[in-house]
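Residue-level structural notes
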Amino acid sequence: MRVPFLQFNALHQPLKSDFTKAFEEFIDSNYYVLGSKVKAFEAEYAKFHGITYCAGVASGLDALYLSLRVLNIHKNDEVIVPSNTYIATVLAVSYVQAKPVFVEPELVTYNIDPQKIEEKITPYTKAILPVHLYGQAANMTEIMKIAQKYNLWVIEDNAQAHGALHNQKMTGTFGHINATSFYPSKNLGALGDAGAITTASEELYEQIKMFRNYGSKVRYYNDVIGYNSRLDELQAALLLIKLSYLNQWNQERNQIANLYLQLLADVPEVVLPQTLQGNIHVYHLFVIRCKKRNELMDYLKKHEIDTLIHYPVPPHLQKAYQHLNYKRGDFPIAEQLADEMVSLPLYPGLKTEQVEFVCDTIKRFYR
Ligand SMILES: Cc1ncc(COP(=O)(O)O)c(C=O)c1O
């Protein structure tokens, strides 16, 4: 039985006629950049989160970068980031010429460990940038307390956790400004690149709208050295259709995750994902830690099961960051995770038989 890592068929096939209609309307609209669909999607996305403002941008990386820009984070500033995140989080900090300061994750949730943040705060620290990795909220209660104590900005990286909750509050609503990605594989994915920023601050929202559009509030008048990062009108129209299914798809992700958790519970070589009390996980990825990880991946591949590693090299050991002079051993938890983790297939439309087959094959490997 073939089990691909990710398939969009179950999501997109039933929506094809809606997508086609949206495309036809888009062609006829005569308005292709920052039009009514972007406005409508921004309003719906903000409403979904129970937050006042949303501004669409071109990608998740841009959302992070522009968030840092409008907070005026710049050269010689420090931004606290998890040591085990996707590179985009760190790249955004580099783009504003600030220094990424890595903090290790908790070994249980894989999210930034709030207990290790304070020791990294210096007079140069300007912000904490937590990431809700794999679909689970970081401990925002503790992070917000620390931010308040030291008067720091908080920027959430919500790219992997659309619809996740922490103490009944949605991720993407805790920070002063919050970035997200609608890269196609995300829980809410566009059919191309797209991203957004959410905030409760009218001032930051107005700034983002200016920065994403050449630094201009009034056409051909430029107040700041802005950027071109606008959410595509067509992607906004498609996202608007998909947003109404997000809760349903997240529930399906939870059902699949629960089946994995049940079927793999008795495999001692496998460490299963755990959910922090008060969190609702949305399982963007189902990541296990395991013995003989590479051999297991090869074995699964031989049985037509695709897996991936998120992520094989932590940011501090990436070639792009060699100038920071980190070495192996500097962030042992992030390194351990990179060595032990593997993501199993999980997406709406994945069948029970396929999950059973993956679990049976894992059990056969360890037997
Ligand atoms: C945690 C995280 N942050 C940021 C990004 C960047 O998003 P994008 O690919 O839309 O630029 C991604 C995904 O790609 C991500 O997973």
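Here the structure is a predicted model, which is why all the values come from computation and not from measurement.

1. Some remarks on the packing of helix H2 (residues 16-29) against helix H8 (residues 233-243)
- At a closest axis distance of 10 Å, the pairing of H2 and H8 adopts a crossing angle of 145 degrees. Between H2 and H8 the crossing geometry is right-handed. Residue-level contacts link Asp18, Phe19, Ala22, Phe23 and Phe26 of H2 to Glu233, Leu234, Ala237, Leu238 and Ile241 of H8.
- When the residues that make up the contact of H2 with H8 are grouped by side-chain class, the tally is eight nonpolar, no polar and two charged.

2. Examining the sheet that holds strand S15 (residues 341-344)
- Across the sheet, three strands lie side by side as S12-S14-S15; this open sheet has antiparallel pairing. The outermost strands of the open sheet, each flanked by one partner alone, are strand S12 (270-271) and S15.
- Summarising the sheet, strand S14 (residues 286-290) and S15 pair through four bridges and their orientation is antiparallel. Counterpart to Arg289 in the pairing with S15 is Met341.

3. Considerations on the sheet that holds strand S6 (residues 165-166)
- Within the open sheet, the three strands sit side by side as S7-S6-S13. Their pairing is antiparallel. Strands with a single pairing partner mark the edges of an open sheet, and in this sheet they are strand S7 (169-170) and strand S13 (279-280).
- Inspection of the sheet shows S6 paired to S13 by two bridges, in the antiparallel sense. Pairing of Leu165 across the sheet is with Ile280, part of S13.

4. Quick word on the nonpolar core
- By size, the foremost hydrophobic cluster in this structure holds 97 residues, and its most contacted members are Leu68, Ala127, Ile128, Val154, Ile197 and Leu346.
- For this core, the element with the most residues is helix H4 (residues 60-70), which contributes seven residues.
- Both domain 1 (9-103 + 110-243) and domain 2 (246-366) contribute no fewer than three residues apiece to this core.
- Ignoring sequence-local partners within four residues, the contact set of Leu68 consists of Ile73, Ala92, Val93, Val96, Ala98 and Ile155.

5. Let's talk about the site of the ligand
- Around the ligand, the surrounding shell holds 15 residues, and the nearest of these are Gly60, Leu61, Ala88, Ala159 and Ser181.
- Elements supplying a minimum of two residues to the shell around the ligand: H4 and helix H5 (87-95).
- For the shell around the ligand, the class distribution of residues is six nonpolar, seven polar and two charged.

6. As for the environment of Lys302
- Within the element layout of this structure, Lys302 appears in helix H10 (residues 293-302).
- Owing to 10 C-beta atoms within 10 Å, Lys302 belongs among the exposed residues under this scheme.
- Sequence spacing of Lys302 and Phe357 is 55 residues, and the spatial spacing of their C-alpha atoms is 13 Å.

7. Quick word on H8
- Summarising burial for H8: eight of the 11 residues are buried, a large majority.
- The complete set of buried residues in H8 reads Glu233, Leu234, Gln235, Ala236, Ala237, Leu238, Leu239 and Lys242.
- Those residues of H8 hidden inside the fold are in contact with H2, helix H3 (36-49), strand S1 (53-57) and helix H9 (246-263).

8. A few points about the pairing of strand S4 (residues 125-128)
- With three bridges joining them, strand S2 (residues 78-82) and S4 adopt parallel strand pairing. Note that in S4 the partner of Ile80 across the bridge is Ile128.
- Across two bridges, the pairing between S4 and strand S5 (residues 153-157) is parallel. Bridge pairing in S5 places Ile128 opposite Val154.
- Running through helix H6 (residues 140-150), the crossover from S4 to the neighbouring parallel element S5 is right-handed.

9. Things to note about the packing of H4 against H5
- Running from N to C, H4 and H5 point in directions that differ by 40 degrees, and their axes come no closer than 9 Å. In terms of their interaxial angle, H4 and H5 are classed as oblique. Note on packing geometry: the crossing formed by H4 with H5 is right-handed. Counting all contacts with H4, which are made through Gly60, Leu61, Leu64, Tyr65 and Leu68, the residues of H5 involved are Ala88, Thr89, Leu91, Ala92, Val93 and Tyr95.

10. What about the domain arrangement of the chain?
- What the domain assignment lists for the chain is domain 1 (9-103 + 110-243) and domain 2 (246-366).
- Look at where the C-alpha atoms of domain 1 and domain 2 centre, and you get two points 25 Å apart.
- Those elements that place two or more of their residues in the side of domain 1 that touches domain 2 are helix H1 (9-12), H5, S6 and H8.
- At three residues, H1 tops the list of elements feeding residues into the side of domain 1 that touches domain 2.
- When the residues that make up the side of domain 1 that touches domain 2 are grouped by side-chain class, the tally is 14 nonpolar, 13 polar and two charged.

11. Here's the deal with unusual backbone geometry
- Backbone torsion omega between His310 and Tyr311 reads 10 degrees, so that peptide bond is classified as cis.
- Position of Tyr311 among the secondary structure elements: in the loop between H10 and helix H11 (332-340).
- The residue Tyr134 is not glycine, and still its phi comes out positive at about 65 degrees.
- Mapped onto the fold, Tyr134 is located in the loop between S4 and H6.
- Judged by local crowding, Tyr134 falls into the buried class, with 23 C-beta atoms found within 10 Å.
- One non-glycine residue, Lys292, lies in positive phi territory at about 50 degrees.
- Mapped onto the secondary structure, Lys292 falls in the loop between S14 and H10.

Definitions and limits used
- Residues numbered from 1 in each chain as written.
- Predicted model: local features only at pLDDT ≥ 70, side-chain atom pairs only at ≥ 80, totals over all residues.
- Axes fitted to C-alpha atoms, helices over the stretch in contact; angles between N-to-C directions.
- Helix = DSSP H or I, 4+ residues; strand = E, 2+ residues; numbered from the N terminus.
- Left-handed = near helix turned anticlockwise from the far one by under 90°.
- Contact = placed C-beta atoms within 7 Å.
- Nonpolar A, V, L, I, M, F, W, Y, C, P; charged D, E, K, R; others polar.
- Pairing = 2+ DSSP bridges.
- Core = buried A, V, L, I, M, F, W, Y, C linked by C-beta atoms within 7 Å.
- Buried ≥ 20, exposed ≤ 12 C-beta atoms within 10 Å, placed from the backbone.
- Domains from an automatic or database assignment.
- Near = placed C-beta within 6 Å.
- Right-handed = clockwise from strand over helix to strand, strands pointing away.
- Parallel < 35°, antiparallel > 145°, perpendicular 65-115°, else oblique.

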